[in-house]
Amino acid sequence: MRAFTLTETLVVIAIVSTAGLALTTALVDFYRQNAYLFESTSALENSRRALSTSIENLRESTYGEDGAYPLIAAATSSVTFHADIDADNSVERVRFFISDGTFYRTTTNPSGNPPSYTGQTAATSTVIAYVRNATSTPFFRYFDTTGAELATPIDIGSVTQVLVRVDIDLNPNRAPEIFTLSGRATLRNVVHQ
């Protein structure tokens, strides 16, 4: 039986070390890329759910507690309407708007007798972050009973459907992967003459 020489031992140590370093580097890269994939998939799924909830809120537009028309204001970057979004049997004033790459929702509860939204504090929450719509891509588009798109300024009495489109770029520092989420809400409780 023969033992390893010092030279053979050093060569084996060098080969094992090189293989270990290569394996470690590959594992670190694998986990780094999968971490980004997991984070982006999770953020996209959360954005999809948030948009779906927002569309449902729009569908449930109804007359305000003060008797006001369901749709209050409509623009390409914001929409304001009445709906009972928290199922508390009280109709809130809701505003969706885009500001600095974030899709927000403000909610105002009525107060007083007769009910009023004036002077009440609005609660603001983030709906979707990472919004990157181009300036030529409206967030909100409005349609009448025939399905024709309404031109600005929007006649809120003619709106029967609202299309919401959000372009999302989860990491602007990586290759451009813009995901488009969209949904259409038919205003169920709006009566048109």
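Residues numbered from 1 in each chain as written. Predicted model: local features only at pLDDT ≥ 70, side-chain atom pairs only at ≥ 80, totals over all residues. Heavy atoms only, no water.

Trainee: Kindly report on the sheet that holds strand 3 (residues 92-99), identifying the contributing residues and their values.
Mentor: The antiparallel open sheet is built from 5 strands, whose spatial order is 1-2-3-4-5. The outermost strands of the open sheet, each flanked by one partner alone, are strand 1 (71-74) and strand 5 (122-128). For this sheet, the mean inter-axis angle between neighbouring strands, taken without regard to orientation, is 20 degrees. As paired elements, strand 4 (residues 102-108) and strand 5 share 6 bridges and run antiparallel to each other. Within strand 5, the position partnered with Phe 103 by the bridge is Ile 128. Here helix 1 (residues 6-59) sits on the sheet and contacts strand 2 (78-83), strand 3, strand 4 and strand 5; the angle it forms with strand 5, its principal contact strand, is near 130 degrees. (Pairing = 2+ DSSP bridges. Helix = DSSP H or I, 4+ residues; strand = E, 2+ residues; numbered from the N terminus. Axes fitted to C-alpha atoms, helices over the stretch in contact; angles between N-to-C directions. Contact = heavy atoms within 4.5 Å.)

Trainee: Describe in detail the packing of aromatic side chains, supporting the description with residues and values.
Mentor: Enumeration over the complete set of coordinates arrives at 6 aromatic pairs. Seen from their ring centres, Phe 81 and Phe 96 are 5.5 Å apart, and the 45 degrees between their planes marks the pair as tilted. With Phe 81 in strand 2 and Phe 96 in strand 3, the pair connects residues that are 15 residues apart, well separated along the chain. Given the relative accessible area of 0%, Phe 81 is considered buried. (Phe/Tyr/Trp six-rings, centres within 6.5 Å; stacked < 30°, edge-to-face > 60°. Buried < 20%, exposed > 50% of the residue type's maximum accessible area, 1.4 Å probe, protein only.)

Trainee: A description of a nonpolar patch on the surface should follow, citing residues and the corresponding values.
Mentor: On the surface, Leu 23, Leu 27, Phe 30 and Tyr 31 cluster together into a nonpolar patch covering about 440 Å² of accessible area. Along the chain, Tyr 31 falls in helix 1. (Patch = residues over 30% accessible without salt bridge, like charges linked within 9 Å, V, L, I, M, F, W, Y side chains within 5 Å. Areas by Shrake-Rupley, 256 points an atom, 1.4 Å probe, with all protein chains shown as cover. Salt bridge = Lys/Arg side-chain N within 4 Å of Asp/Glu carboxyl O.)

Trainee: Explain the pattern of salt bridges residue by residue, including any values.
Mentor: Tallying each qualifying case throughout the model produces 7 salt bridges. Among the salt bridges present, the one from Glu 45 reaches Arg 48, with a minimum N-O distance of 2.5 Å. Residue Glu 45 and its partner Arg 48 are both found in helix 1; the two are separated by 3 residues, about one turn of the helix. Of the residues examined, Glu 45 reaches a relative accessible area of 29% and is grouped as partly exposed. Close ionic contact of Arg 188 with Glu 56 constitutes a salt bridge, the shortest N to O distance being 3.7 Å. Pair noted here: Arg 188 is in the segment after strand 8 (178-186) and Glu 56 is in helix 1, with a separation of 132 residues, a long-range link. The exposure class assigned to Glu 56 is partly exposed, which follows from its relative accessible area of 31%.

Trainee: Help me get a handle on the confidence of the model for the protein, residues and values and all.
Mentor: On average, residues of the protein score 89 in pLDDT, and 97% of them are at 70 or above. When pLDDT is averaged over each element of the protein, strand 6 (residues 140-143) comes out on top at 96 and helix 1 at the bottom at 87. (pLDDT = per-residue confidence, 0-100.)

Trainee: I'd like a rundown of the environment of Thr 152, residues and numbers included.
Mentor: Among the structural elements, Thr 152 can be located in the loop between strand 6 and strand 7 (161-169). Note on Thr 152: relative accessible area 56%, which makes it exposed. Separated by 76 residues in sequence, Thr 152 and Thr 76 have C-alpha atoms that sit 8.3 Å apart.

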